[in-house]
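Each chain, written out:
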Amino acid sequence: TVGEVTAATFQMQTGYYIGTGASLSITGLGFQPNLVIVKADTNAGVGAVWTSSAMTSTDSNYFTATAKNTASQITLNSDGFTVSSSANVNTVGVRWTWVAYGGSDGSSSGTFYVGSYTGNGSASRSITSMGFQPDLVLIKAETAQSAVWRSSAMGNNIGQFFTATAQITNGTLFQTLDATGFTIGNAAQVNSNGVIYQFVAFKNVTGAMSVGSYTGNEVDNRNITGVGFTPDFVFIKN
């Protein structure tokens, strides 16, 4: 099942499939994805699994402190993607929700980009492989380190984890979001010498992509407004 396309300089689709335990192709996206994230609606597998076109075609990665998988768990195709028989992406009878993005563009007119770099261990390092200033960056080592992220709604030197870990504010993860990329520190999650890191970057796009923050009040059924559009995908981290 495929969801609605959100118009922007990048393409996006959301959807789900029911696990078969055998190789399964999801088609009909209308574009070739550069990024796919898959997560079971249950605790099946090892959590969310993702791959990007910047990665070796047989590789997939995790948000948890788990090293990359090289067994073609998710393969990107011209009009969708294929999941293998692995219980991490295709447990029988389980509903799996996915989000896919296409249109990776590192030029000055781009708003979405997937890439990679090799860590050098320096205390401050600028990654300048794109032509736009990102508002959201996700980084994941190919080794057993947690995925981390930063948005323009956060102050300089602040970095967040996708795991149940408090944010870091000393610049060892992220330092700044820059005119043509971002600057990182030397934490193992972002810049160990010789380690390959995969990253995803988005720029705010009116009507399609936005980042922000709010202060919790413990009131049920609370509306977070001001996004400017009805979102198809939201993630939140305290």
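Residues numbered from 1 in each chain as written. Predicted model: local features only at pLDDT ≥ 70, side-chain atom pairs only at ≥ 80, totals over all residues. Heavy atoms only, no water.

**Digging into unusual backbone geometry**
Stage number 1. At N157, a residue that is not glycine, the phi angle is positive and equals roughly 75 degrees.
Stage number 2. By the element assignment, N157 lies in the loop between β12 (148-151) and β13 (160-161).
Stage number 3. Phi at E218 is positive, roughly 60 degrees, even though this residue is not glycine.
Stage number 4. Summarising the element assignment, E218 is placed in the segment after β16 (196-202).
Stage number 5. The class for E218 is exposed, based on a relative accessible area of 83%. (Helix = DSSP H or I, 4+ residues; strand = E, 2+ residues; numbered from the N terminus. Buried < 20%, exposed > 50% of the residue type's maximum accessible area, 1.4 Å probe, protein only.)

**Considerations on the nonpolar core**
Stage number 1. Formed by 23 residues in total, the largest nonpolar core has its most connected members in F10, L35, W50, Y101, F112, V200 and F202.
Stage number 2. For this core, the secondary-structure elements that each account for two or more residues are β3 (33-40), β8 (95-102), β9 (112-118), β11 (136-141) and β16.
Stage number 3. For F202, the contacting residues outside a window of four places in its chain are F10, Y101, T111, F112, F132, P134, D135, L136 and M209.
Stage number 4. Membership of the second largest hydrophobic core comes to 21 residues, among which are V137, L173, F182 and A201. (Core = buried A, V, L, I, M, F, W, Y, C linked by side-chain atoms within 4.5 Å. Contact = heavy atoms within 4.5 Å.)

**A few points about the sheet that holds β11**
Stage number 1. Pairing is antiparallel across the open sheet formed by five strands, whose spatial order is β9-β16-β11-β12-β13. Strand pairing shows two members of the sheet lacking a second neighbour, β9 and β13, which therefore form its edges.
Stage number 2. As paired strands, β12 and β13 are joined by two bridges and run antiparallel to one another. Along β13, the bridge assignment pairs V148 with F161. (Pairing = 2+ DSSP bridges.)

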